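As a plain string of letters, each chain reads:
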Amino acid sequence: MKKSTLLTQPGYPFAFDPSACDTCGGHCCNGESGNIWVTRREMEALAEALGMDVPSFAEESLKKVGYRYSIRERCEGQNYACLLFDGKKGGCSVYDARPAQCRSFPFWDYFRERPDEAVAECPGVILDGRPGPSA
Ligand code: SF4
Ligand code: SF4
């Protein structure tokens, strides 16, 4: 179980309840195709969490996009799931080692100006007392 304390960040018009992740099913790890950026340090942490060496992890789970690395996705019909998403568990298989991009969700610059999109995408987002879609 994750913390149920509401999180806020200066400049963001919404709050986030991390306990929503327990029952959400991983909306933010599924959906449209996108990049999940990882730094070298994050690669090392992810490889360690999976009990792999970095080159094997990179070959199996990462793709190079320009000069950066992103976690590969699995295409399931219309849905793209992060390769590290555990469908049976309904959550991240490497939660404690997940990269900063995942840790900082939904407090992304993009959502700061688009709180309605944040509340539509994440049931943990609370905007004007209104929770997300399946909370
Ligand atoms: S969409 Fe929101 S509630 Fe669901 S797993 Fe992601 S951060 Fe948690
Ligand atoms: S690394 Fe984990 S939290 Fe991040 S998108 Fe993949 S499954 Fe989701």
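Position labels on residues start from 1 in each chain and follow its written sequence. Starting at A for chains and at 1 for ligands, labels are handed out in the order in which the entities are written. Note on the predicted model: pLDDT of at least 70 is required for a residue's local features to be given, and 80 or more for side-chain atom pairs to be given and counted; whole-chain, interface and lining totals, by contrast, use all residues. Hydrogens and waters are ignored; side-chain quantities use all the structure's heavy atoms.

- As named in an unreviewed UniProt entry, the protein chain is Zinc/iron-chelating domain-containing protein, taken from Desulfoluna limicola.

### What about the overall build of the protein chain?
No. 1: The helix and strand inventory of the protein chain stands at six helices and eleven strands.
No. 2: Taking 2.2 N^0.38 as the reference for a compact globule, 135 residues should give roughly 14 Å; the C-alpha atoms of the protein chain span a radius of gyration of 15 Å, in line with that estimate.
No. 3: Expressed along its principal axes, the backbone C-alpha trace of the protein chain runs to roughly 45 × 30 × 30 Å.
No. 4: For this analysis, residues touch if any pair of their heavy atoms sits within 4.5 Å. Taking the contacts inside the protein chain whose residues are at least 6 apart along the sequence as the reference set, 50% of them involve residues at least 24 apart.
No. 5: For accessible areas, the Shrake-Rupley method is used with a probe of radius 1.4 Å. Any residue's cover is judged against the shown protein chains and nothing else. When the accessible area of the protein chain is evaluated, it comes to approximately 8,400 Å², of which 51% is carbon and sulfur surface.
No. 6: Here the protein chain contributes 16 positive and 19 negative side-chain charges, whose respective centroids are spaced 3 Å apart. Strands here mean DSSP runs of E at least two residues long; helices mean DSSP runs of H or I at least four residues long; both are numbered from the N terminus. The globule rule used here is 2.2 Å times the number of residues to the 0.38 power, and the radius of gyration it is set against is calculated over C-alpha atoms. When charges are counted, Lys and Arg contribute as positive and Asp and Glu as negative, whereas His and the chain ends are disregarded. One atom stands in for each charge, and that atom is NZ of Lys, CZ of Arg, CG of Asp or CD of Glu.

### Topic: the pattern of salt bridges
No. 1: The term salt bridge refers to a side-chain nitrogen of Lys or Arg lying within 4 Å of a carboxyl oxygen of Asp or Glu. Tallied over the entire structure, the rule returns three salt bridges.
No. 2: In this structure, Arg 112 and Asp 109 form a salt bridge, with 2.6 Å as the shortest nitrogen-oxygen distance. Separated by three residues within a single helix, Arg 112 and Asp 109 lie in helix 5 (residues 109-112), roughly one turn from each other.
No. 3: Judged by relative accessible area, which is 57%, Asp 109 ranks as exposed. Remark: exposure states derive from per-residue accessible area (1.4 Å probe, protein chains only) relative to the maximum for the residue type, with buried under 20%, exposed over 50%, and partly exposed in between.

### A look at the environment of Val 54
No. 1: Topologically, Val 54 is positioned in helix 3 (residues 54-61).
No. 2: On a C-alpha basis, the gap between Val 54 and Arg 40 in space is 9.3 Å, while along the polypeptide they are 14 residues apart.

### With respect to the site of ligand 2
No. 1: Residues are classed as near a molecule or strand on a simple rule: at least one heavy atom within 4 Å of it. What surrounds ligand 2 is the set Cys 29, Ile 71, Cys 82, Leu 84, Phe 85, Cys 92, Pro 99 and Cys 102.
No. 2: Among the residues making up the shell around ligand 2, the classes are represented as eight nonpolar, no polar and no charged. Under the scheme applied here, ten amino acids are nonpolar (Ala, Val, Leu, Ile, Met, Phe, Trp, Tyr, Cys and Pro), four are charged (Asp, Glu, Lys and Arg), and all others, including Gly, are polar.

### A closer look at the pairing of strand 7 (residues 79-82)
No. 1: Taken together, the two bridges between strand 2 (residues 30-31) and strand 7 define a ladder with antiparallel strand orientation. Paired with Asn 30 across the strands is Ala 81, a residue of strand 7.
No. 2: Sheet topology places strand 6 (residues 73-76) next to strand 7; four bridges connect them, and they run antiparallel. Bridge assignment links Glu 73 to a residue of strand 7, and that residue is Cys 82.
No. 3: A pair of strands is treated as paired once DSSP finds two or more bridges between them. What sits between the antiparallel neighbours strand 6 and strand 7 is a turn of two residues, in which Gly 77 has the positive phi angle 65 degrees.

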